[in-house]
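Structural overview
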Amino acid sequence: MKGPLEAALDAAEIALSGVVRDGGEQARRRLAALDAALLAALRRAEGAAEGTRAAARRRELAGYAFYRRGLLKRLLARGARPGPETLRALFAGSGSDRLILLVTHACQLRCSYCRVRKYGAAMTPETAAAGARWLMGSLRDDVELQFFGGEPLLALGVVKGVVSLAERSAADAGKRVRFLLTTNGLALDDAAAAYLAEKRVGVEISCDGTMSAQDSQRPTARGGGSWALLRAGLERLRAAGVAYQVISVVLPEDAARAHERLEALAALGHRRIQLNYALGRRWTPGQSEALRGSLARAAESARRLGVEFVNATSRRREPVVLNSELTVDCDGTVFRETGVCLEEDFAAMKERFRVADVRRAGLFESYGATPFDNLALLAGAYGEGPLRGALLSNLELGMSFAGAGR
Ligand code: SF4
């Protein structure tokens, strides 16, 4: 007899066959319920004490990872020819509307906590164009391209070429495309700021708060401070009218003082502020509790000071550790997780997260991942290593912000 998960999978397959009748409503509901059941079961299994039963359960659940691709194969094997509506119903609940282009690995800074591999690689215009075309072939009407690095302004020519191409493609396809650029702010001259304003490129800018924090934690490659350069860049952004937000990472040891960080950033004139908890670090229950308290105080401070606390308003999906953006590395390889492209620690695991070559990738949506898929992938990669504790603590912290805690 089939277990409940297998039965739910069969029911989802049947519902997908009825998309023409009901617009995919039932299929979406069944798939969402199956996603939730799988994630809950895997969280329980990952949290269970080690033993052969727990290991067997984890293996069984891991077999469901990326089950949507399996469902598509089952439909095709039955001779079905799924149209766009069926594919939308199948993949709508997985993946993201955002594609990240990692346009360069070069950076002018050497931040103390940074584990990004820095070298001179930059994306070619052809590879960047392939990324934009891939995203534009999506089934979604609204999509987003994010430029990331290293420092993406060091490859501004590539960024400009992709923005022009994506604008034209979106107009032809009847889509809306948004642009987002994540920068350290040092290369923001007047021309770059004017360009970002003209093209309505949203900007995320990293800032550690006070001058002393910025200069000590984010020195330049030559060992100098970066505060003055950053401040000049920020002034140019404001003068040009670019919509930007500052992002600041809170470490576990600073958990109780997150609201002070927001207040310091507001005092510097920033109007949109996002505080990210550090991923890849283990958060104790006490630190997690302290963070929840200080973020609640940060929200109050934001209201009082008239600034936007982006954590409370953005589309940032918790738990962040299970987010599912796809990233195109400089050489055109698509990965499931930005950190894998970036961080030295993960170099040996890159193969597990590799998805495709952007020049030969199939339907964008078919590479989507649910939080369950990502947990299965991450647990398989980090399950036996020292990062396991950090992963599980990041997961539980994020789930508590998602309002889906235990
Ligand atoms: S700006 Fe970003 S990529 Fe550059 S050193 Fe700092 S954290 Fe690393």
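Here the structure is a predicted model, which is why all the values come from computation and not from measurement.

Criteria and thresholds
Residues numbered from 1 in each chain as written. Predicted model: local features only at pLDDT ≥ 70, side-chain atom pairs only at ≥ 80, totals over all residues. Helix = DSSP H or I, 4+ residues; strand = E, 2+ residues; numbered from the N terminus. Rg over C-alpha atoms; globule rule 2.2 N^0.38 Å. Buried ≥ 20, exposed ≤ 12 C-beta atoms within 10 Å, placed from the backbone. Contact = placed C-beta atoms within 7 Å. Near = placed C-beta within 6 Å. Nonpolar A, V, L, I, M, F, W, Y, C, P; charged D, E, K, R; others polar. Pairing = 2+ DSSP bridges. Axes fitted to C-alpha atoms, helices over the stretch in contact; angles between N-to-C directions. Domains from an automatic or database assignment. Expected span 1.5 Å × (residues − 1).

Within the protein, the secondary structure is distributed over 18 helices and ten strands. For the protein, the C-alpha radius of gyration of 22 Å lies close to 22 Å, the compact-globule estimate for 406 residues. The principal-axis extents of the C-alpha atoms in the protein amount to approximately 65 × 50 × 40 Å. By residue count, 40% of the 406 residues in the protein fall in the buried class. A fraction of 73% describes how many contacts in the protein between residues 6 or more apart in sequence connect residues 24 or more apart.

On to the site of the ligand. In the region of the ligand, the neighbouring residues are C107, L109, R110, C111, C114, V116, G150, E151, N184 and R218. When its residues are assigned to classes, the shell around the ligand shows five nonpolar, two polar and three charged.

Quick look at the sheet that holds strand 4 (residues 201–206) now. Paired through their backbone hydrogen bonds, the strands of a sheet run either parallel or antiparallel. Overall, mixed pairing links the ten strands, which are arranged 7-6-5-4-3-2-1-8-9-10 in an open sheet. This sheet does not close on itself; its edge strands, each paired only once, are strand 7 (308–309) and strand 10 (354–357). Running at roughly 150° to strand 6 (residues 272–277), helix 12 (residues 258–267) makes contact with strand 5 (244–250), strand 6 and strand 7 of the sheet.

Here the protein is described as being made up of domain 1 (4–91) and domain 2 (100–369). With seven residues of domain 1 in contact, the opposing surface of domain 2 contributes six residues. Those elements that place two or more of their residues in the side of domain 1 that touches domain 2 are helix 5 (67–77) and helix 6 (84–91). The element best represented in the side of domain 1 that touches domain 2 is helix 6, accounting for four residues. Its residues placed into classes, the side of domain 1 that touches domain 2 shows five nonpolar, no polar and two charged.

Spanning 15 residues, helix 18 (residues 387–401) covers 21 Å between terminal C-alpha atoms, matching the ideal 21 Å at 1.5 Å per step. By the burial criterion, the buried members of helix 18 are L391, L392, S393, N394, L395, L397 and G398. In this structure, the buried residues of helix 18 make contact with helix 3 (25–47), strand 6, helix 13 (285–305) and helix 17 (371–382).

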